[in-house]
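Residue-level listing of the chains:
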Amino acid sequence: MELDKERQERYFIVVRRSKKGLSRGAVGRADAETAAGDLIGMVYGGSGSARSSGTVKKEDTYPLSRHQAQLLLFVSPASRRLELLSNVQLFSAICDLAQDDLVVVKRKKDFQPCLVKNLIQIGKKDKPGVLQMLGFELDLVDTEQDILSKKTVPLPFFSAADIVQVAPSHLNTSQPLRVSIDLGLNRKAVSRIYSMPALNSRNAKKGSTLSNKDVANSIQAMSHYSLEVGSMAEVISLNGLTVYGVIRWIGVPDGKKHYWAGLELDTEVTTCSDGTLGTKQYFTCERNKALFVPLTNCKPDSRFLFIPNENENKKPLEPPSVLLEDLNEDVPPVAERDVLSHLVGRMRGIQGHFNSCYLDATLFSLFTSSIGFNRMFNRSADSEEGISHILRRDIVNCLRRSGFVPAENVMKFRKQLGCKSFATEEKDPEEFITLLLKDVLHIEPLLKIRARGELSQDAYTHQIIVEKNQVGAVPSVQQLLEMSLVSSDLKFEEIPSCLIVQMPRFGKKFKMFPKIIPSTELDITDVLHCSPRECFLCGHVAEYECDQCLMDHKLQPGKIKQYCSICNTQVHTHPSRQEHTPHKLTVHLPEDASVQRHQMQLFAVLCINTSHYVSFVKYGPDPRSWIFFDSMADRCGDDNNGYNVPVIRSCPEVGDFLSQSEEEISTADLSQCSELVRRLLCDSYMCLYQRTDNHQ
Ligand SMILES: [Zn+2]
Ligand SMILES: [Zn+2]
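Rules behind the numbers
Throughout this description, residue numbers start from 1 for each chain and increase along the sequence as written. Lettering of chains starts at A and numbering of ligands starts at 1, both following the order in which they are written. Side-chain atom pairs in this predicted model are given and counted only at pLDDT of 80 or more, local residue features only at pLDDT of at least 70, and totals for whole chains, interfaces and linings cover all residues. Excluding hydrogens and water, the side-chain figures rest on all heavy atoms present in the structure. Counting from the N terminus, the helices are the DSSP runs of H or I reaching at least four residues and the strands are the DSSP runs of E reaching at least two. Note on exposure labels: buried denotes an accessible area under 20% of the residue type's maximum, exposed denotes more than 50%, and partly exposed covers the range between, all computed with a 1.4 Å probe on protein chains only. Note that accessible areas follow from Shrake-Rupley with a 1.4 Å probe, and for residues the cover is restricted to the protein chains shown. Coordination here is defined by N, O and S atoms within 2.8 Å of the metal (3.2 Å for Na, K and Ca), and since water is not considered, a site can look incomplete. Sites are called tetrahedral only when four donors show all angles between 85 and 135 degrees, square planar or octahedral only when four or six donors show opposite pairs over 155 degrees and all other angles between 65 and 115, and irregular in any remaining case. Paired strands, in this sense, are two strands between which DSSP finds at least two bridges. Working definition of a nonpolar core: buried Ala, Val, Leu, Ile, Met, Phe, Trp, Tyr and Cys residues. They are joined through side-chain atoms within 4.5 Å.

Undergrad: Tell me about the overall build of the protein, and please be specific about residues and values.
TA: Assigned secondary structure in the protein consists of 19 helices and 37 strands. Within the protein, buried positions represent 52% of all 696 residues. Element-wise, carbon and sulfur atoms account for 50% of the exposed surface of the protein, whose accessible area totals about 33,600 Å².

Undergrad: Explain the coordination of the zinc ion (ligand 1) to me, and be specific about the residues and the numbers.
TA: Every protein donor of the zinc ion (ligand 1) is accounted for by Cys-535 (SG), Cys-538 (SG), Cys-564 (SG) and Cys-567 (SG), and the metal-donor separations fall at 2.2 to 2.3 Å. Around the zinc ion (ligand 1) sit four donor atoms, and with donor-metal-donor angles ranging over 101 to 119° the site reads as tetrahedral. Given the relative accessible area of 4%, Cys-535 is considered buried.

Undergrad: With reference to specific residues and values, describe the coordination of the zinc ion (ligand 2).
TA: Within the protein, the zinc ion (ligand 2) binds to Cys-546 (SG), Cys-549 (SG), His-572 (NE2) and His-580 (ND1); these donor distances fall in the range 2.0 to 2.2 Å. Coordination at the zinc ion (ligand 2) comes from four donor atoms whose angles at the metal span 104 to 116°, giving a geometry best classed as tetrahedral.

Undergrad: I'd love a proper account of the sheet that holds strand 31 (residues 562-563), names of residues and values included.
TA: What the three strands build is an open sheet, ordered 31-30-32; its pairing is antiparallel. Each edge of the open sheet is held by one strand with a lone partner, namely strand 31 and strand 32 (583-584). Across two bridges, the pairing between strand 30 (residues 544-545) and strand 31 is antiparallel. Bridged to Tyr-544 within strand 31 is Tyr-563.

Undergrad: Give a detailed account of the nonpolar core, specifying residues and quantitative values.
TA: Grouped together as the largest cluster of nonpolar side chains are 104 residues, with contacts concentrated most on Leu-363, Phe-367, Leu-391, Phe-413, Leu-436, Leu-499 and Phe-616. Residues Leu-73, Leu-85, Ala-93 and Ile-163 belong to the second largest nonpolar core, which totals 41 residues.

Undergrad: Please give an account of the pairing of strand 23 (residues 454-459) that cites residues and values.
TA: One ladder, built from five bridges, connects strand 22 (residues 447-451) with strand 23; its direction is antiparallel. Looking at strand 23, one finds that Lys-448 is bridged to Asp-458. If you look at the hairpin formed by strand 22 and strand 23, you'll find two residues sitting between the two strands, and Arg-452 has a positive phi there, around 50°.

Undergrad: Give me unusual backbone geometry: which residues, what numbers.
TA: Along the chain, Ser-76 connects to Pro-77 via a cis peptide bond; the corresponding omega equals 0°. One non-glycine residue, Phe-354, lies in positive phi territory at about 55°. Mapped onto the elements, Phe-354 comes out in the loop between strand 20 (349-350) and helix 9 (357-367).

Next up, the structure:
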């Protein structure tokens, strides 16, 4: 029946999160369409069985063939399905794979050439409402010895998304794959006796060793085909870090025996040349961009994954625009529940390079998970091109989506910062923050400051300025901020959406206090110009403020003092205070009005030790939700030929430590605390606070 046929063919993938709660990447089958253009049908769960049914807007979906739907269903998580689908050429090549086709799969951290053996159906067969998933059975090719691996343990099944490259099909002469195996979900039930009859006969005919040469030839043909002068190539280091470039020269350099490639890299690397190797110039390019490596170390640029097939006259395929639009959309800050699985580990966060730690630590602090800062970021001016676009796409979205920002992305951004020294030298975070907020994001100054009652200056950060004797030996940020503002007669005009406080230290070495307590909550009520405040003594609405009472030893020295008119008179009748000249506050409320307190939450602490910046990020409301980030925690290779390994660590102990009273914190024996607790307490350079209330 026509209807049945149509019913079978109408599969789709959800490309936009719909109001009905279908998540992006969900694969479904449409059975009918409403007059309004909604699809009526159901989506499949992880096992291929129908999970939920209902309607979805047609424009939130992208149509799939049954085969495509089956391949995508086996890909998890669902977000990877969209990534694969948006790479149209690769995906269409994967859909057309034939037996013995050569593919490259990403396996753990390695890229492995494999031969396609079978297409495997996974899931319960012929059950109504079940769509069987499709995976690939692959044979590893041992590139070292050019022989087929003889592992007796069967490989796991690969999903379509594991395949990162497909060799051009004209290199192979084999038949298109036919589905040959039906399996339940228990993958351990795989048995070789179910292998394709065609494959068995082929092996029987040629013998078990004959295929080696074919494979070797095929690989050679593939590399020859794909890598030549002018090819886009990548060089992958041991742990997966990649540099990209164009092959400008291939040959046997003086003193070598094998073929080498000379690449002109996309980005500068200090150890690279201008095309010179040894004493000889093999090609010419900008300095610090020429990299020479054995040809076998190069792979085709995986950002352009599919090698176009010259024998085909197909028009170049364009990714569906709806998908691109979707993939370019802003990624929200990483949610508290996802941080540990998404971010913690080696090669996580922003990769440091060439004095970039001031910038890595700052960007990581601001953008990883702060909701408050993100509100401001979302409102900031954005342009399609230019530096703010690079920041959004290559750093912020990249960090939030994949959890890792390679050094070249950061360098691309640094080079656009206007002054060349930002790309090469170590800078102060406050200088960078001002540049970032003012000139890159065009955000208004965060702080409007009133000095001696007059509106005077705007600023992006506040530098604490205090005398050492004005606060205790282990002050908290709360005490420091109040003292700094009061002693200079400064007030905030309004509640800032984000408050960045610089600790009192001079240069990189001298710190005024050996330890500072980073208050997790900052109460700024008493340093706001227009906000009603409580009488220091009785709690009624205050009308007077007295700076001279600030350090009074009988009245909590260091605490800001404001009084209602009754308490003001009483306090100042004391002989030692009769000289004081309290001044009247500008805001009055009826005496019985309640005073609302204004608090800000700590979301990051930037620390410095011996010129190296790292950061602590509080990634959610849970007191223990702390991570530590170091963009140069480790290094692979030597100084000249290596790269930095950024590391993110979970440090709930920091939260436990900060949950204690200030008294306990200031007297804690740091030799008994973890190293990170010690660093947080001793090395803080900047504390970042955000508003999390709904005032905005
Ligand atoms: Zn009072
Ligand atoms: Zn006084």
